[in-house]
Amino acid sequence: MRWVKFFISLLFTAAIAIALYFPAGPAPALGDFLNPFRGFWQNAVSQDQHAPLNLSLPSLDKDAKVVYDERGVPHIFASSLEDMAYIQGYITAKDRLWQMEFQVMAAAGRLTEIVGPGPGERVLEMDRSNRRKGIPFAAEKSSKAMLENPLTKDVMESYAAGVNAYIQQLSEKDLPIEYKLLGYKPEAWSVYKSALLLKYMANSLAFRVNDIGYTNAIKLWGRERFNILYPEYPYDDKPIIPDPVRIRRRRIKKLSPPAPADYDPGQMLIAGANTAPDPNEYFVGSNNWAVSGDKTITGRPMLANDPHLNMSLPSIWYEVQVNSPQLNAYGVSLPGAPGVVIGFNDSIAWGLTNAGQDVADLYQVKFTSDKREYYEYDNQTLPVSVREEVHTFKGGGQFVDTLLFTHVGPVMYDRNFGEQSLPLALNWMAHQQSNESLTFLKLAQSKNYEDYVDALQHYQCPAQNFVFADASGNIAIWQQGKYVNKWEEQGRFIMDASRKEHMWNDYIPQDQNPHVLNPPQGFVSSANQHPTSPLYPYYYTGNFDGYRGRRINKLLTEADSVSVRDMQSFQQDTYSNQAADILPTLLENLDTISLQGEKLAAYQSLKNWDYRFDRDKNGPTLYNRWWREVFFGVWEDEFRQDEISLVWPSSTTTIRILRDSALYSFYQNEKDSTRADSVIPDRTYIINAAFHRALDNLIADEADIANWNWERHSPTNINHLSRSIAPFSRRKISTAGTGTALNAISGSHGPSWRMVVSLGDKVEAYGIYPGGQSGNPGDPNYDRFIDDWAIGNYYKLNFMQNPADIQEEKRLYEVSISSGPLKE
């Protein structure tokens, strides 16, 4: 009997061992994960635990130093650009390796390899989408451009070598926790992967395709209504470049070409999915501005930038100073690419906002047969290029997707993918060969306006508004990207891939991109609004903000003797022009006679509200709920269609219609003809019905009016990059602001880096981002900055001239890096 029990116990133990040490499907092997010697326990880091103080990197030409300041920011001092990039690659990988690789796996459409196809094959669909957009194809071209330029070739290859040096010396116990949790190991880094990262950003910032929705809308409602629903310019816009347009006529070499005589976009109706928008229009956007010395307290220029992006842990940004004989620059970098993206040096400062112009167009492909081997173009038949894409699944299995390429670009949607009924090829500026990394390398070395302009000429996509200030007193802004010289409305609707005149046949000369130097108003600014007024001689379209640009222009126009503190307070301004534009109309049309109790109190709160989204106020919650109901009350019955993809009108269009028209056809819907009370809905009806729906829902959610404050109803969430590991996220963070205010915090979206730079004989700079330098959730530096960021604090940035140029209390530790073997 004793032996029977022994063998049963032995079999049970063996079964547990097998279960722990062999992965089941996409799940990791728990035995390795829980192992005390190489599992997740090894990722815990104490506050006082630092990296080794001596390090050997034999690939360096000369010895180097890295000084870590008290916030864990590395300051790299190297003897060449190549050594600097090598060390930056090494130390960035030390802090952010998993994030670097996860982002490029997503960009390359390879996430199924580490997490499987996902529930409902959603991960597989995302991977297929990224490959069908041509992101890997675009990265191949960009990496080729990087390697063809001698400067970027050396820097990019050195950075990749530094990352790989770190990977090669990693032991299993030192792997970032996400590798242990998901059960895989890092691959070697390459220049191609850095290019993938830059295309990942292009996908976030410059891939917003409305062609299908606009094509359906003009077919459904006709030209007159289309122009009302989708005006090219919002009301009361303040473009980035003040009028008159600063391009002198004699320098204009080209104008927009005429549209083809037989062009008629209103011929197609395309089936497809439809998604309701957020009526508050939280742009993937940003603010930046520069103020001349005539308006600052120091008499020298100041510059501010806060890019609004999806906030995640680890943060999208990694703070760093890079120093070599060729440059000395400080700012934030993208983990996975060398240099500084937004920052400053001794002489200049620069910042970015997204341009928003449409640089991605869809074309209907006309195959000559069902075999899809040839297609029509300019009265010829051209062969289709075929690329087999293999998606490998973690845990076993694979899916093979067949991608078709035309001269336009990859066929993104066809009978095998997407919910559109036509084969549609994508022409995207990100597909073109370009070398944006050269721009950032040159900006870091720039000394003046001429250097800045020279650096920008290499930049193509995603187009950005590059704000600039230098220590000698210049301020400037330049919207830089490569733009097609389009005919009126070219690319707004689906075009015909068989017609030569529908192609991208010409480009706007780079020196005629919108820009201005030292304008008389004493400042330059951008907040994702239109770059120019309609006087600009080239046609463009896109998605533009209608609120934040007006606000910063007003603040800067009224300001005098601007200080660093003023610049910081402008970044955190919570005033919403959207609320100021429409709330008076809503209140004027609200029937207040019958209001009582909570609804009367809500009305009184809104009447006395100052349009600021401060965390302790009820007005923001009440307005947000009411406006949402009004927006959907106007549009929902026409635009929430199951099988037709449509672009919903913008909030600025909705506001304009509500202010201008008491009786508009879209206020009504099909149910109105059968209403028992025979009321025909008008503006007053829409507004009053929306108010009562909003308040009834709010009271149902929270009966106590004392709990209607904004911080309770609009918490900020900063999720782990994987979106699936909740314990590695920070949720319900109390913040002020909204998407239509300069402090554009909304949900998990907001200011991903706040920077203010005061230029002069000695640079003074401040910055903060919602995260921490370490990508390790077991490290105190993982989310260290978030609480200070949420309450509006800034850190003074330690811009050093040499390794000794830092107060001792600011120095955390110093790493001496030997180019040879370590000496005993």
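Cut-offs applied
Residues numbered from 1 in each chain as written. Predicted model: local features only at pLDDT ≥ 70, side-chain atom pairs only at ≥ 80, totals over all residues. Heavy atoms only, no water. Pairing = 2+ DSSP bridges. Helix = DSSP H or I, 4+ residues; strand = E, 2+ residues; numbered from the N terminus. Salt bridge = Lys/Arg side-chain N within 4 Å of Asp/Glu carboxyl O. Buried < 20%, exposed > 50% of the residue type's maximum accessible area, 1.4 Å probe, protein only. Axes fitted to C-alpha atoms, helices over the stretch in contact; angles between N-to-C directions. Contact = heavy atoms within 4.5 Å. Parallel < 35°, antiparallel > 145°, perpendicular 65-115°, else oblique. Left-handed = near helix turned anticlockwise from the far one by under 90°. Nonpolar A, V, L, I, M, F, W, Y, C, P; charged D, E, K, R; others polar. Phe/Tyr/Trp six-rings, centres within 6.5 Å; stacked < 30°, edge-to-face > 60°. Core = buried A, V, L, I, M, F, W, Y, C linked by side-chain atoms within 4.5 Å.

S.K.: Can you help me understand the sheet that holds strand β17 (residues 424-428) in this one?
M.R.: The 4 strands are arranged β16-β17-β11-β20 in an open sheet whose pairing can be described as mixed. In the strand order of this sheet, the two ends are held by β16 (411-413) and β20 (495-496), each with one partner.

S.K.: Would you mind going over the pattern of salt bridges with me for this structure?
M.R.: Should the charged atoms of two oppositely charged side chains come close, the side chains can pair. One pass over the full model with this rule turns up 43 salt bridges. The salt bridge partner of E187 is R110, with a shortest N-O separation of 2.6 Å. Residue E187 is found in the loop between α8 (177-182) and α9 (191-205), and its partner R110 is found in the loop between α3 (81-107) and α4 (112-115); the two are separated by 77 residues along the sequence. Accessibility expressed as a relative area gives 31% for E187, which makes it partly exposed. Salt-bridge contacts for R300 lead to D761; the nearest nitrogen and oxygen are separated by 3.1 Å. You can see R300 sitting in the loop between β4 (286-291) and β5 (302-310) and its partner D761 sitting in the loop between β26 (754-758) and β27 (764-768), a full 461 residues away along the chain. Given the relative accessible area of 27%, R300 is considered partly exposed.

S.K.: Sorry, what's going on with the sheet that holds strand β1 (residues 54-56) here?
M.R.: Strand pairing in a sheet takes place through backbone hydrogen bonds and is either antiparallel or parallel in direction. The strand order across the open sheet formed by 11 strands is β1-β29-β2-β3-β7-β8-β9-β10-β18-β19-β21, and the pairing between neighbours is mixed. Two strands lie at the open edges of the sheet, namely β1 and β21 (515-517), each paired on one side alone. On average, adjacent strands in this sheet sit at an angle of 20 degrees to one another, irrespective of strand direction. Judged from the 7 bridges that link them, strand β7 (residues 318-324) and strand β8 (residues 327-333) form a sheet pairing that is antiparallel. Each bridged residue has a counterpart across the sheet, and for V320 the counterpart in β8 is G331. Along the sheet, α3 contacts β1, β2 (64-69), β3 (74-77), β7, β8 and β29 (811-818); its crossing angle with β7, the most-contacted strand, is approximately 160 degrees.

S.K.: Would you mind showing me how to read the packing of α3 against helix α7 (residues 150-168) here?
M.R.: What describes two packed helices is the angle between their axes and the distance between those same axes. Running from amino to carboxyl end, α3 crosses α7 at an angle of 45 degrees, the nearest separation of the two axes being 7 Å. As far as their axial angle goes, α7 and α3 are oblique. Judged by the sense of rotation from one axis to the other, the crossing of α3 with α7 is right-handed. Counted together, L81, E82, A85, Y86, Q88, G89, Y90, T92, A93, K94, L97 and M100 of α3 and L151, D154, V155, S158, Y159, A161, G162, V163, A165, Y166 and I167 of α7 form the full contact between these two elements. By residue class, the composition of the contact of α3 with α7 is 15 nonpolar, 5 polar and 3 charged.

S.K.: Explain the environment of R612 here, please?
M.R.: Along the polypeptide, R612 turns up in the loop between α16 (597-607) and α17 (619-639). Under the relative-accessibility criterion, R612 is labelled partly exposed at 27%.

S.K.: Even after reading the chapter, I still don't get the packing of helix α15 (residues 577-588) against α17, so can you show me in this structure?
M.R.: α17 packs onto α15 with a crossing angle of 75 degrees between their chain directions and a minimal axis gap of 11 Å. Of the possible angle classes, the one that applies to α15 and α17 is roughly perpendicular. Contacts from Q578, A579, I582, L583, L586 and L587 in α15 reach Y623, W626, W627 and V630 in α17. Here the residues of the contact of α15 with α17 sort into 9 nonpolar, 1 polar and no charged.

S.K.: Which parts of the structure should I look at to understand the packing of aromatic side chains?
M.R.: Each aromatic ring pair is summarised here by two numbers: the centre-to-centre distance and the angle between the ring planes. Within this structure, the stated rule accounts for 46 aromatic pairs. Plain terms: the ring middles of Y330 and F344 are 5.6 Å apart, the flat faces sit at 20 degrees to each other, and that makes the pair stacked. Placement of Y330 in strand β8 and of F344 in strand β9 (residues 342-345) is noted, with a sequence separation of 14 residues between them. For Y330, a relative accessible area of 0% corresponds to the buried category.

S.K.: Please explain the side chain of D95 as it appears in this structure.
M.R.: In this structure, D95 sits in helix α3. Residue D95 is classed as buried on the basis of its relative accessible area, which comes to 13%. When residues no more than four places from it in sequence are discounted, the contact partners of D95 are Y318, Q773, S774, G775 and N776.

S.K.: So what exactly am I meant to see when it comes to unusual backbone geometry here?
M.R.: Most peptide bonds take the trans configuration, and most residues that are not glycine carry a negative phi. Cis peptide bonds are those with omega within 30 degrees of zero, and the linkage from L313 to P314 qualifies with -5 degrees. Residue position: P314 is located in the loop between β6 (312-313) and β7. P462 follows C461 through a cis peptide bond whose omega is 0 degrees. Of note in this structure, N518 is not a glycine but carries a positive phi near 50 degrees. Locating N518 in the fold gives a position in the loop between β21 and β22 (523-526).

S.K.: What should I look at first to understand the nonpolar core in this one?
M.R.: Where a protein is soluble and globular, its nonpolar side chains tend to be buried together. Among the nonpolar cores identified, the biggest contains 220 residues, and F344, W428, W626 and W635 are the most heavily contacted of them. It is α3 that provides the largest number of residues to this core, a total of 16 residues. Those residues within four positions of W626 in sequence are excluded, and the remaining contacts are L583, L586, L587, L590, L606, I687, A690, F691 and A694.

S.K.: Whenever I open this one, the pairing of β29 confuses me. Can you help?
M.R.: Taken residue by residue, a regular strand's side chains alternate between the two faces of the sheet. Bridge analysis of β1 against β29 gives 3 bridges, and the strand direction is parallel. Paired with L55 across the strands is I817, a residue of β29. Pairing geometry for β2 and β29, over 6 bridges, is antiparallel. Its bridge partner being in β29, D69 is matched across the sheet by R811.

S.K.: Can you help me understand the pairing of strand β19 (residues 475-480) in this one?
M.R.: Burial analysis of β19 places 6 of its 6 residues in the buried class, the great majority of the element. A two-sided burial pattern is seen for β19, the buried positions comprising I475, I477 and Q479 on one face and A476, W478 and Q480 on the other. Bridge count between strand β18 (residues 464-470) and β19: 6 bridges; the pairing is antiparallel. Bridging across to β19, A469 finds its partner in I475. Linkage of β18 to β19, two consecutive antiparallel strands, is achieved through a turn of 4 residues, within which G473 is found at a positive phi near 115 degrees.

Nothing here speaks to function; it is geometry throughout.
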